[in-house]
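Take a look at the letters that make up each chain.
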Amino acid sequence: MATTKIYIVYYSLYGHVEVMAREEQRGANSVEGVEATLWQVPETLSGLILHKMRAPPKANDVPMIRPDQLSEADGFLFGFPSRFGVMAAQCKAFFDATNELWESQALAGKPAGIFWSTGFHGGGQELTAWTALTQLAHHGMLFVPIGYTFGSGMFEMDQVNGGSAYGAGTFAADGSRKPTELELQKAFHQGKYVAEIAKKLKN
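This one's a predicted model, so the numbers in the text were calculated from it and none came from an experiment.

Asks: Looking at this model, I keep getting lost on the pairing of strand β3 (residues 75–83). Mind explaining?
Replies: Residues in a regular strand point their side chains to alternate faces of the sheet. Burial of β3 is extensive: eight of the nine residues sit out of reach of the surface. Relative to strand β5 (residues 111–118), β3 runs parallel, the two sharing six bridges. Across the sheet, phenylalanine 76 pairs through a bridge with alanine 112, a residue of β5. With two bridges connecting them, β3 and strand β4 (residues 86–87) associate as antiparallel partners.

Asks: Which parts of the structure should I look at to understand helix α3 (residues 89–96)?
Replies: Side chains of residues three or four places apart in an α-helix project in the same direction, reflecting 3.6 residues per turn. If you check which residues of α3 are buried, you get Gln90, Cys91, Phe94 and Phe95. Taken around the axis of α3, the buried residues stretch over an arc of 135°, which confines them to a single face. Tucked into the core, α3 has its buried residues touching β1 (4–10), β3, β4 and α5 (127–139).

Asks: I'm lost on the side chain of glutamate 24 in this one. Help?
Replies: Tracing the backbone through its elements, the reader meets glutamate 24 in helix α1 (residues 16–29). Notably, glutamate 24 is buried but unbridged: the nearest opposite-charge side chain belongs to lysine 186, and the N-O separation is 10 Å. Not counting chain neighbours up to four residues away, the residues in contact with glutamate 24 comprise Ile8, Leu77, Phe115, Ala168, Ala187, Gln190 and Gly191.

Asks: Which parts of the structure should I look at to understand α5?
Replies: Within the sequence span of α5, burial applies to Thr128, Ala129, Ala132, Gln135, Leu136 and His139. Against the buried residues of α5 lie β3, β4, α3, α4 (99–104), β5 and β6 (142–143). Directly after α5, the chain includes glycine 140, whose backbone phi takes a positive value near 75°.

Asks: Mind showing me how you'd approach a nonpolar patch on the surface here?
Replies: Taken together, the side chains of Tyr14, Leu45, Ile49 and Met53 define a hydrophobic patch exposed on the protein surface, amounting to about 300 Å² of accessible area. Among the structural elements, tyrosine 14 can be located in the loop between β1 and α1. Relative accessible area serves as the criterion here: at 35%, tyrosine 14 is assigned to the partly exposed category.

Asks: I tried to follow the UniProt feature "domain: Flavodoxin-like" (unreviewed entry) in the protein chain on my own but got confused; where do I start?
Replies: Following the UniProt record, the feature "domain: Flavodoxin-like" (unreviewed entry) maps to residues 6–194 here. From the first C-alpha to the last, residues 6–194 spans 9 Å; its make-up is 32% helix and 19% strand.

Asks: Before we go on, may I ask you to explain the nonpolar core in this structure?
Replies: As a rule of thumb, soluble globular proteins bury nonpolar side chains together. Grouped together as the largest cluster of nonpolar side chains are 28 residues, with contacts concentrated most on Val9, Ile65, Leu70, Phe76, Phe78 and Phe80. Those elements that place two or more of their residues in this core are β1, β3, α3, β5 and α5. Sequence-distant contacts of valine 9, defined by excluding residues within four places in its chain, comprise Trp39, Val41, Ile65, Leu70, Leu77, Phe78, Gly79 and Phe94.

The rules behind the values
Residues numbered from 1 in each chain as written. Predicted model: local features only at pLDDT ≥ 70, side-chain atom pairs only at ≥ 80, totals over all residues. Heavy atoms only, no water. Buried < 20%, exposed > 50% of the residue type's maximum accessible area, 1.4 Å probe, protein only. Helix = DSSP H or I, 4+ residues; strand = E, 2+ residues; numbered from the N terminus. Pairing = 2+ DSSP bridges. Arc of directions from axis to C-beta. Contact = heavy atoms within 4.5 Å. Lys, Arg positive; Asp, Glu negative; His and termini not counted. Salt bridge = Lys/Arg side-chain N within 4 Å of Asp/Glu carboxyl O. Patch = residues over 30% accessible without salt bridge, like charges linked within 9 Å, V, L, I, M, F, W, Y side chains within 5 Å. Areas by Shrake-Rupley, 256 points an atom, 1.4 Å probe, with all protein chains shown as cover. UniProt positions renumbered as here; feature names shortened; annotations may be inferred. Core = buried A, V, L, I, M, F, W, Y, C linked by side-chain atoms within 4.5 Å.

In structure tokens, the structure reads:
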């Protein structure tokens, strides 16, 4: 049976989405016959701006991805922080550069999930996912929500936790809050869930 390749493509400014992405990768790689790879989208802010924003260095073990490399994968998980209820501009710029893939419909029929980070409850936990669906739809990709497959963790009310039926999520607050164990478990579940579906579609 051929290996199913999952590309986990993300942008992370302060590290919250990166932490989630690594857990998504662990979940995807837990599926036999799946090979999940982490990729970063290129930064569009200058080094000076990043310094003034006190952004930490990018992960040096995760390569930057070119748009044409997306065609190599059998399935995707796209992660990004929210900016006023939509994906960060760095991710939008990356999708804007996928025109040749759109023209050839090279991504049509491939499954894709979405995960994210927002500052607070009103920061777009679901709106960020909704608005990202346009990118998948125009490429003909198959959006894979997690629904309520995460079980009781979807109904947790005693602690703050991000995510929804659309995918895994976390809250960054003022930047100091890190993804909780429950949020990481949800990310692991999503990675595994999307990988299992991608594997079925491929084989």
